[in-house]
Amino acid sequence: MNTETRQEQFHSSSLIGKLLRKLHIDIPLLAGLLMLSALSLTILYSAGNQNLAILTKQMLRMAIAFVFMIVLAHINPQQFQRHSTTLYGLGVLLLIAVLLMGDVGKGAQRWLNLGFFRFQPSEMIKITTPMMVASYLADHPLPPKWKQIGIAAILIFLPTLLIAKQPDLGTAILVASSGAAVLFFAGISWRFLLSTIAILASLTPILWYFMRDYQRKRVMTLLNPEADPLGAGYHIIQSKIAIGSGGISGKGWLGTTQSKLDFLPESSTDFIFAVFAEEFGLSGCIGLLLLYLLIITRCLYIAVQAQDSYSRLLAGSLTFTFFVYVFVNIGMVIGILPVVGVPLPLISYGGTSMVTLLGGFGILMSIHTHRKFLPT
Amino acid sequence: MSSVYSVKDSLTENKIFLSRIVAIFIFIIMLIVILMARLIYLQVVGHEHYASLAKNNRIKLIPVPPTRGIIYDRKGRILAENLPSYSLELIPEQVPDLNETLDRLKVLLNISEEKITQFRRQYKQKRRFNSTPLLLKMNDEQVAKFAVVRPSFPGVDIHAGLIRHYPYPEFTSHVVGYVGRINVKELKTLPEAEYRGTHHVGKTGIEKSFETQLHGKTGFAEIETNAQGRFINTLDTIAPQPGDDLFLSLDIDLQKTAYEALDIFNGTVIAIDIESGGVLVFVSKPGFDANQFVSGISTTNYKALQNSDARPLFNRALRGLYPPGSTIKPFIGLAGLEYQVIKPETSKFCPGYYQLPNLSHKYRDWKRWGHGAVNLKDAITQSCDVYFYDLAFNLGIDNIHNFLEQFGFNKKTGIDLVSEKKGLIPSRKRKKKVKNESWYHGETLITGIGQGFTQVTGLQLAKATATLANRGKIVNPHLVSQFVTGNTHYSTTQPESETIPLQPENINQVIEAMINVVHGRRGTAKRLSKGINYQIAGKTGTAQVFSVKQEERYSEAEISFKLRDHALFIAFAPADQPKIAIAVIAENGGHGSSVAAPIAAKVIKQYLSELEPQ
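Worth saying up front: this structure is predicted, and the values here are computed from it rather than measured.

Conventions adopted
- Residues numbered from 1 in each chain as written.
- Chains lettered and ligands numbered in written order.
- Predicted model: local features only at pLDDT ≥ 70, side-chain atom pairs only at ≥ 80, totals over all residues.
- Heavy atoms only, no water.
- Helix = DSSP H or I, 4+ residues; strand = E, 2+ residues; numbered from the N terminus.
- Buried < 20%, exposed > 50% of the residue type's maximum accessible area, 1.4 Å probe, protein only.
- Contact = heavy atoms within 4.5 Å.
- Buried area = accessible area lost by both parts, 1.4 Å probe.
- Salt bridge = Lys/Arg side-chain N within 4 Å of Asp/Glu carboxyl O.
- Polar contact = N/O pair within 3.5 Å; in protein donor to acceptor, adjacent residues only side chain to side chain.
- Patch = residues over 30% accessible without salt bridge, like charges linked within 9 Å, V, L, I, M, F, W, Y side chains within 5 Å.
- Areas by Shrake-Rupley, 256 points an atom, 1.4 Å probe, with all protein chains shown as cover.
- Lys, Arg positive; Asp, Glu negative; His and termini not counted.
- Charge placed at Lys NZ, Arg CZ, Asp CG, Glu CD.
- Axes fitted to C-alpha atoms, helices over the stretch in contact; angles between N-to-C directions.
- Parallel < 35°, antiparallel > 145°, perpendicular 65-115°, else oblique.
- Left-handed = near helix turned anticlockwise from the far one by under 90°.
- Nonpolar A, V, L, I, M, F, W, Y, C, P; charged D, E, K, R; others polar.
- Pairing = 2+ DSSP bridges.
- pLDDT = per-residue confidence, 0-100.
- Phe/Tyr/Trp six-rings, centres within 6.5 Å; stacked < 30°, edge-to-face > 60°.

### Brief notes about the overall build of chain A
Next up, step 1: If you tally the helices and strands in chain A, you get 15 helices and three strands.
Next up, step 2: In chain A, buried positions account for 53% of the 376 residues.
Next up, step 3: Looking at chain A alone, contacts between residues at least 24 apart form 72% of all its contacts between residues at least 6 apart.

Here's what the structure looks like:
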């Protein structure tokens, strides 16, 4: 595609198209996200026992999150790069503040009470960590040298450890993988990558030693949920029954028995995929996975099209993290991964993760819509 | 920045990045395929299996609650047991119309509106498929009536179970405590899985302190039910593990004797086996019918208990704070000897009052005309206040405070019950902190006769007496002596007890004086010595509930019963080889000598007669 046709295409479209471009919105991505949101409301209506209050609340959160996305889409990626260090530093300081004086909710210290509202710094760090690592690596020739890899590793591990200490294993995994993804896209050698994975795998027994009792229990539960059917294994057993009983075509919308009869705990939040799978069956599940894949493909396309190292690395990392969300959540609900508190992105009930996720998509849109169309 | 945009770098970079994007894309596709494969496995291959689990033949896990451990007294007599009972339980998800069903049941079985409200509150906290009790204890008539019409009540069933029962509800209500329905607050702190089948939890006393041991471990049964949720058959069971049985050091006969000996008075009696520290008697009177709480006490009955002037729900033995009165004197006397402020033979003239140098205020003796010249032994025997005013003044509050703390005052005794009070022995530091006032000599004087700020529990008093009888080796009171897991008995381990460094000669002096209280010609409790072939060492006490103004006398008849002094008595016996130590507090009993001492004597007599061979 030469410059002329591309520019032509860029300038010749409908009024709405122009408007959306002015708004720095990527139409295919927005379409995918809106479809997910619609799906979310549909399932929530059923999972929440047709409670309209829950629905209104979720819609309000969505509206806020979408506005946040558009705001971020308007900011030039260079601005993100310029402020990466500040934002990252702030995030780490807030994480330390949480450990020192945070509110305790559900046995973990994750919230910072600012008086008028409660804020979860670990959400913010999910975006600022890849920003920081990308900004640091982009300042040096790629692929990165040993020294840069070392410094990047420290930048990743610091927030990861702080979050793991809260303890919030799910978020720690997401932050670590977002940082690791930047390194991967920056071009660290395959040999290095594979040997790191091998070393980490051999360190698992040590990790086991450092895990808290309830975390060990979750791993044991994954291996044998029937060992403790009333306690830790309950989630997984009920979730599998719900999914399996859905069959190929599902029991139909609003037709579930498992979640209706309260067999399934947390059916609106982390385990909402089980409700979806029961109601819409295998066909629905494959459809949902394909929708996620479409969004991911579009994001990877945006990453490929990005024009500087920083944008590329960040775009790639944000996309990969989004996938990790999907994989970890569905993996735990269908019983192939241990139960860690990761929601199903843009579907689960709850506001904080939605704001962060759509914030990430806002950055992707910003990267895509702020390109300068130079001849390549 | 410049290096990033050098042409060569940019090209390699582009190439690497593109290959990485492709790699990650393939990786993502692979993982999505894995997710899909698993979904196909669950939803296609396993569909029938899971569908049958979910729909037609639902397999349910029914928690099987463990049997709560039994509580015995020292001779193996049951203090808390489990009796078979029938309860009416509803499984909300299987009841077609809950309101209508409740209305019908209410009329049929004559259920109070209160029980219905209680049920409504309860079932909201549970999963809809778990059964929730409506009536915990059905009487025979209710069982018979319901059995006939059972088919017309889907989701409602009679469950045979066990319910806690206390054979001596009034005597043991404060020490054994009771179990009651688990409330919302407890639901949050108890381990959810362990209590899924349990409706009751220990609320007070031993039942609460030893909840973990008594409760046991929940088992479960995997049962198959039809579409209506009716039981078809049991597939698998894991048996529950019954809770541990507990043996207490308490002696229910002695407990009864002490409780009844208190007669018309409220109060507390604590007796301790000196050698083991086992508590033989733990009376807090009045008690109440603990069984009412098990089946769910009605609001009216509960309010009546709560608003009663006698405060039957208040554990006086553990939490009742009283001025020790003259029962503190043996300890103050011992302090005087230990700190060498007095010698045994030091004599002091008692004119019936005491005055601080240069002050006109008169601190009165209980005997208006005075005791004349008294030494330590006389002072304890006759309970001379003036002697102890002087001694306290010479000791100073700091010494008094430190010495009494060694005997366990001003701190918890550490008995195996929760929410014990620690009492108070005043000190300069505390007064400064709490009232921001400095200490006055006058306050030292009244501390010396156990009045003023000083507050003790009956339990502390008994512990201190036992420690004195044990010649300074600290006695740590406890109730549970053994627990039984399966068929194995385990003794509870007690902490190694420390010994207060005291001169044996000084202890002898004080004990001799205490023997004289009971066996001396002028002893305040000399009536007790009749008809016993051993010696009791004791000390009477009378604690003022209100203070008498200067130059004013009062007669007991003039003031209402509630303002009458508390009667106290501490004792141990036999004096030469102490086996039992006891503290008696009879609220508004008037005088320690006439009311409290005979109660202690009765308990001691009964206990020692059983210890004698044959």
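### Overview of the interface of chain B and chain A
Next up, step 1: Across the boundary between the two partners, chain B contributes 45 residues, which contact 57 residues of chain A.
Next up, step 2: Of the roughly 4,800 Å² buried between chain B and chain A, counting both surfaces, carbon and sulfur atoms make up 75%.
Next up, step 3: When the buried area of chain B at its contact with chain A is split by residue, Phe17(B), Arg20(B) and Gln43(B) rank highest and sum to 15% of it.
Next up, step 4: Across the chain B-chain A interface, the total number found is one salt bridge.
Next up, step 5: The salt bridge involving Glu13(B) is made with Arg312(A); its shortest N-O contact spans 3.7 Å.
Next up, step 6: Counting across the chain B and chain A interface gives ten residue pairs in polar contact (both at pLDDT 80 or more).

### Here's the deal with a positive patch on the surface
Next up, step 1: On the surface, a cluster of positive charge is contributed by Lys412(B), Lys421(B), Lys422(B), Lys429(B), Arg430(B) and Lys433(B).
Next up, step 2: Along the chain, Lys433(B) turns up in helix 18 (residues 428-435).

### Comments concerning the packing of helix 5 (residues 77-101) of chain A against helix 6 (residues 121-138) of chain A
The axes of two packed helices give the description: the angle between them and the distance between them.
Residues and elements named next belong to chain A.
Next up, step 1: The geometry of helix 5 relative to helix 6 is characterised by a closest axis approach of 8 Å and an angle of 140° between their N-to-C directions. Taken together, the axis directions place helix 5 and helix 6 in an arrangement best described as oblique. Pair helix 5 / helix 6 crosses with left-handed handedness. Two secondary-structure elements touch here, helix 5 through Phe80, Gln81, Ser84, Thr85, Leu87, Tyr88, Leu90, Gly91, Val92, Leu94, Leu95 and Val98 and helix 6 through Pro121, Ser122, Met124, Ile125, Thr128, Thr129, Met131, Met132, Ser135 and Ala138.
Next up, step 2: A class-by-class count of the residues in the contact of helix 5 with helix 6 yields 14 nonpolar, eight polar and no charged.

### Examining helix 17 (residues 397-406) of chain B
Next up, step 1: Within the span of helix 17 of chain B, buried status applies to Ile397(B), Ile400(B), His401(B), Phe403(B) and Leu404(B).
Next up, step 2: Gly408(B) lies just past helix 17 of chain B and shows a positive phi near 100°.

### Observations concerning the sheet that holds strand 12 (residues 279-285) of chain B
Hydrogen bonds between backbone atoms are what pair the strands of a sheet, whose relative direction is either parallel or antiparallel.
All names here are of chain B.
Next up, step 1: Taken together, five strands build an open sheet; the order of strands is 12-11-21-20-19 and the sheet is antiparallel. Each having just a single partner strand, strand 12 and strand 19 (537-543) make up the two edges of the open sheet. Taking each pair of neighbouring strands and ignoring which way they run, the sheet shows an average axis angle of 5°.
Next up, step 2: Here strand 11 (residues 267-273) runs beside strand 21 (residues 580-586); their pairing, made up of seven bridges, is antiparallel. Within strand 21, the residue paired with Ile270 across the bridge is Ala583.
Next up, step 3: Contacts from helix 20 (residues 458-469) reach strand 11, strand 12, strand 20 (566-573) and strand 21, with the element oriented near 150° to strand 21.

### Thoughts on unusual backbone geometry
Residue and element names in this part refer to chain B.
Next up, step 1: Of note, the amide linkage connecting Lys285 to Pro286 takes the cis form, showing an omega dihedral of 0°.
Next up, step 2: Here the bond from Ala573 into Pro574 is cis, since omega is -15°, no more than 30 degrees from zero.
Next up, step 3: Take Pro574: it is sitting in the loop between strand 20 and strand 21.
Next up, step 4: Positive phi, close to 70°, is recorded for Asn410, a residue that is not glycine.
Next up, step 5: Following the sequence through the fold, Asn410 ends up in the loop between helix 17 and helix 18.
Next up, step 6: Phi at Ser419 takes a positive value of approximately 60°, unusual for a residue other than glycine.
Next up, step 7: With respect to the secondary-structure elements, Ser419 resides in the loop between helix 17 and helix 18.
Next up, step 8: Among the residues examined, Ser419 registers a relative accessible area of 45% and is labelled partly exposed.

### As for the side chain of Thr454(B)
Residue and element names in this part refer to chain B.
Next up, step 1: Here Thr454 lies in the loop between helix 19 (441-448) and helix 20.
Next up, step 2: Within polar-contact distance, the side chain of Thr454 engages the backbone oxygen of Gln451 at 3.3 Å.
Next up, step 3: When neighbours within four sequence positions are excluded, Thr454 is seen to be in contact with Tyr322, Pro323, Pro324, Leu424, Ile425, Pro426 and Thr447.

### Let's talk about the confidence of the model for chain A
Next up, step 1: Confidence in the prediction for chain A averages 83 pLDDT; 84% of positions are at 70 or higher.
Next up, step 2: Throughout residues 1-8 of chain A the model reports pLDDT below 50, and contacts reaching past four residues in sequence, or to other chains, amount to seven contacts.

### Here's the deal with the packing of aromatic side chains
Next up, step 1: This structure, assessed with the given rule, holds 27 aromatic pairs over all chains.
Next up, step 2: Measuring from centroid to centroid gives 5.5 Å for Phe184(A) and Trp190(A), while their planes differ by 80°, and the two rings are edge-to-face.
Next up, step 3: With a relative accessible area of 9%, Phe184(A) lands in the buried category.
Next up, step 4: For the pair Phe331(B) and Phe407(B), a centre-to-centre distance of 5.2 Å together with 65° between the ring planes defines the contact as edge-to-face. Of this pair, Phe331(B) sits in helix 14 (residues 329-338) while Phe407(B) sits in the loop between helix 17 and helix 18; the two residues are 76 residues apart in sequence, bridging distant segments of the chain. Of the two residues, Phe331(B) and Phe407(B), neither departs from the other in class, the shared state being buried.

### Looking at the pattern of salt bridges
All names here are of chain B.
Next up, step 1: Applying the stated criterion to the full structure yields 24 salt bridges over all chains.
Next up, step 2: We note a salt bridge from Asp73 to Arg77, for which the minimum N-O separation is 2.8 Å.
Next up, step 3: Since its relative accessible area comes to 0%, Asp73 is described here as buried.
Next up, step 4: We note a salt bridge from Lys329 to Asp385, for which the minimum N-O separation is 2.5 Å. Of this pair, Lys329 sits in helix 14 while Asp385 sits in helix 16 (residues 385-395), and the two are 56 residues apart along the sequence. Considered together, Lys329 and Asp385 belong to a single accessibility category, that of buried residues.
Next up, step 5: Beyond isolated ion pairs, a larger network of salt bridges with shared partners links Asp73, Lys75, Arg77, Asp251, Asp253 and Glu610.

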